[in-house]
Structure formats: structure tokens, C-alpha cells
Amino acid sequence: MSARVDVYFGVVALPPSEWQGRIVVVIDVLRATTSIATALANGARAVIPFESAEDAVARFKSFERSEVLLAGERRMGRISGFDLGNSPAEFTREVVEGKTILMTTTNGTAALTAVQGAAEVVLGAFVNLAATVGVLRSAVRRGLPVAIVCAGSERQFAMEDAVCAGRLLRAISRRLADATWNDAARAVVALDRRYGRDLLACLEQTTHGQALAEAGYRGDLALAAALDAHPVVPVYAERQVTAQGRARRR
Ligand code: MLT
């Protein structure tokens, strides 16, 4: 496959053959990929994404209670009866260390389950930006075409994901100078240049950032803007997300 860089907005239903042989970065800065990176950095064993709360609850029953947590968000709030919502502030070491987290969120986990078939799927956010750049560089060196899926908000374009994607692509742009970039890939680079200088201010101005602040989650914006606070690479394979280099659960 020739060198290609494609960015997609929203949950895209491409046929599995489109993802084949590519490294895919899934980004949901507010808040799923930020929370998952935080959880793994704080010692969670794995995060297993589900599209529906019902599926998460069904799987929950196959675990010992002491080794599992249910995390889920709908309309920004915690799903009733779940242990955790989707605020990165909740995924502290005290709470998550050694646990498997079964998680469902409105956009982020749906984006993950949509990209099955890719050669590699990693999760990006500002909190693990440099670590994600490292993985992308190595993939590009190995000749893998790059796809970035910006999960967005309510399955629509979200500025925070676009700026994060642009920041990633700027960091590897020299290596991709001869690649074919789709329009969205070129656009996110321009958006990062325009809006990415002050990440917290950027997040505070976004539609989803403002909705979170109004819903009582203003503190999450600073956590999501904390560049490289959690230098982990969450890797999605075999239907679970684990930190790169850590053993998977069978
Ligand atoms: C999502 O996956 O839809 C988001 O992370 C929503 C949120 O909890 O802010």
C-alpha cells in the first residue's frame, strides 16, 4: 500500500479491508481516550470497551467482583449502578490498580469497536501525545499507512480531537512528506496551528468542553489538557485495551 495519511471524523463504518495493514489512532480527548490512558497509567490491567451498557453488564458477570469495575457514561453522567463514569479524575491508582475495567461511552468506545481489522490500533489524547507520536513514527518507518479516527461528540466533528490529531501529524509530518494526505488530515494540521497553542483555552472553547463545564466537569478539561501527563500507549487488540508492553489477560 502506498504511503497514506487519512483522518476521519466521527465513527466511520469503513469495511474491514480499508483498515487492513494500517495503524489506526483513535482520539476522544473529551473524554474516553484521556480516561483510558489515565486508567492504564494508574495500573489498570485492561479496559474492555462495549457499545452498550447491557453488553458491559453481561460480561461483568463472568468476573470475580474484586477484579473488575464497570465504567460508563451517557449524556456525560455516570450510568446508574456503575462504579465509575467517564471522568479522568475517577481513574486514580487507588481505584483502578490491578482491575479490569468494562467501559461504555457515547462515542469513544463505539469508535474503537468500529476499527476492527487494523494492523494496530492505539488510543491517543493530549495526556499521552509524545508516547503516541513514538508509536506512529515507528509504524511509519515500517511502512504502515496511518489513519486517525477522531471520535468526536455525538458522532460529529469535535475541535479537541481535530487539534490533537493535527498535533500528532505535525510531529511526524517530515516522514510523511511524500505520502497522500486526505483533506481532513491537512485540515487538522491547520486547526492545531490555529487553536493548539493553549490547550486548556482551546478545550474551554469547544462545544463539548463547555457542555462538560456546565454539567459540573470543568476540572476534567485541565486533566485532558495536561500534555504528556500519562506517557502510556493504550493498544487495542483482541477486544481489549492494554498498556503497550504489559501482558494481556486471556
Ligand atoms: C464519549 O465517548 O462520548 C465521550 O468520552 C463523552 C464524555 O464522557 O465526555
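Only a predicted model underlies this, so the values are computations on that prediction, with no experimental measurement involved.

### Structural notes on the nonpolar core
Piece 1. Counting 44 residues, the largest nonpolar core has Ile148 and Leu169 as the members making the most contacts within it.
Piece 2. Of all the elements, helix 7 (residues 159-172) adds the most residues to this core, at seven residues.
Piece 3. The residues contacting Leu169, other than those within four sequence positions of it, are Val5, Val7, Ile148, Trp181, Ala185, Val188 and Val189.
Piece 4. Within the second largest apolar cluster, 29 residues are counted, among which are Tyr8, Trp19, Ile36 and Ala147.

### Observations regarding a positive patch on the surface
Piece 1. Residues Arg137, Arg141, Arg174 and Arg175 make up a contiguous surface patch of positive charge.
Piece 2. As for its placement among the helices and strands, Arg174 is situated in the loop between helix 7 and strand 9 (180-181).
Piece 3. Taking the relative accessible area as the measure of exposure, Arg174 reaches 80% and is therefore exposed.

### What about the packing of aromatic side chains?
Piece 1. Evaluation of the coordinates by the stated rule reveals two aromatic pairs.
Piece 2. A ring pair is formed by Tyr8 and Trp19, whose centres lie 5.6 Å apart and whose planes are at 75°; its orientation type is edge-to-face. Highlighted residues: Tyr8 in strand 1 (residues 4-9) and Trp19 in helix 1 (residues 16-19), separated in sequence by eleven residues. Each member of the pair, Tyr8 as well as Trp19, carries the same accessibility label: buried.
Piece 3. Aromatic pair Phe9 and Phe157: ring centres 4.8 Å apart, planes at 75°, arrangement edge-to-face. Taken together, the residues span a long stretch of sequence, with Phe9 in strand 1 and Phe157 in the loop between strand 8 (146-150) and helix 7 at a distance of 148 residues.
Piece 4. What makes Phe157 partly exposed here is its relative accessible area of 40%.
Piece 5. Here the guanidinium or amino end of Arg31 rests over the ring plane of Tyr217, the centre of that ring lying 4.6 Å away.

### A few points about the site of the ligand
Piece 1. Taken together, Asp28, Leu30, Arg31, Ala32, Glu73, Asn86, Thr105, Thr106, Asn107, Gly108, His208 and Leu212 make up the full set of residues adjacent to the ligand.
Piece 2. At a separation of 2.7 Å, an oxygen atom of the ligand approaches a polar side-chain atom of His208.
Piece 3. Within the complex, the protein chains bury 99% of what would otherwise be the 270 Å² of accessible surface of the ligand.
Piece 4. Taken together, the residues that form the shell around the ligand break down as three nonpolar, six polar and three charged.

### Let's talk about the packing of helix 6 (residues 129-141) against helix 7
Piece 1. Where helix 6 meets helix 7, the closest approach of the two axes is 10 Å, and the angle between their N-to-C directions is 50°. Considering the angle they form, helix 6 stands oblique to helix 7. Judged by the sense of rotation from one axis to the other, the crossing of helix 6 with helix 7 is right-handed. Contacts from Leu129, Thr132, Val133, Leu136, Arg137 and Val140 in helix 6 reach Cys164, Arg167, Leu168, Ala171 and Ile172 in helix 7.
Piece 2. For the contact of helix 6 with helix 7, a count of residues per class yields eight nonpolar, one polar and two charged.

### Describing the pairing of strand 6 (residues 100-104)
Piece 1. Most of strand 6 sits inside the fold, with five of its five residues counted as buried.
Piece 2. Of the two faces of strand 6, the one lined by Thr100, Leu102 and Thr104 and the one lined by Ile101 and Met103 are each fully buried.
Piece 3. Examined bridge by bridge, strand 3 (residues 46-49) and strand 6 share four bridges and lie parallel to one another. Bridge pairing in strand 6 places Pro49 opposite Met103.

### Some points on helix 3 (residues 53-60)
Piece 1. Among all positions of helix 3, only Ala53, Ala56 and Phe60 are buried. The buried residues of helix 3 occupy one face: seen down the axis, they fall within an arc of 60°.
Piece 2. Residues of helix 3 that are buried sit in contact with strand 4 (68-74) and strand 6.

Conventions used here
- Residues numbered from 1 in each chain as written.
- Predicted model: local features only at pLDDT ≥ 70, side-chain atom pairs only at ≥ 80, totals over all residues.
- Heavy atoms only, no water.
- Core = buried A, V, L, I, M, F, W, Y, C linked by side-chain atoms within 4.5 Å.
- Buried < 20%, exposed > 50% of the residue type's maximum accessible area, 1.4 Å probe, protein only.
- Helix = DSSP H or I, 4+ residues; strand = E, 2+ residues; numbered from the N terminus.
- Contact = heavy atoms within 4.5 Å.
- Patch = residues over 30% accessible without salt bridge, like charges linked within 9 Å, V, L, I, M, F, W, Y side chains within 5 Å.
- Areas by Shrake-Rupley, 256 points an atom, 1.4 Å probe, with all protein chains shown as cover.
- Salt bridge = Lys/Arg side-chain N within 4 Å of Asp/Glu carboxyl O.
- Lys, Arg positive; Asp, Glu negative; His and termini not counted.
- Charge placed at Lys NZ, Arg CZ, Asp CG, Glu CD.
- Phe/Tyr/Trp six-rings, centres within 6.5 Å; stacked < 30°, edge-to-face > 60°.
- Lys NZ or Arg CZ within 6 Å of the ring centre and 35° of its normal.
- Near = heavy atom within 4 Å.
- Polar contact = N/O pair within 3.5 Å; in protein donor to acceptor, adjacent residues only side chain to side chain.
- Nonpolar A, V, L, I, M, F, W, Y, C, P; charged D, E, K, R; others polar.
- Axes fitted to C-alpha atoms, helices over the stretch in contact; angles between N-to-C directions.
- Parallel < 35°, antiparallel > 145°, perpendicular 65-115°, else oblique.
- Left-handed = near helix turned anticlockwise from the far one by under 90°.
- Pairing = 2+ DSSP bridges.
- Arc of directions from axis to C-beta.

In short, the description is geometric, and any link to function would need to be established separately.
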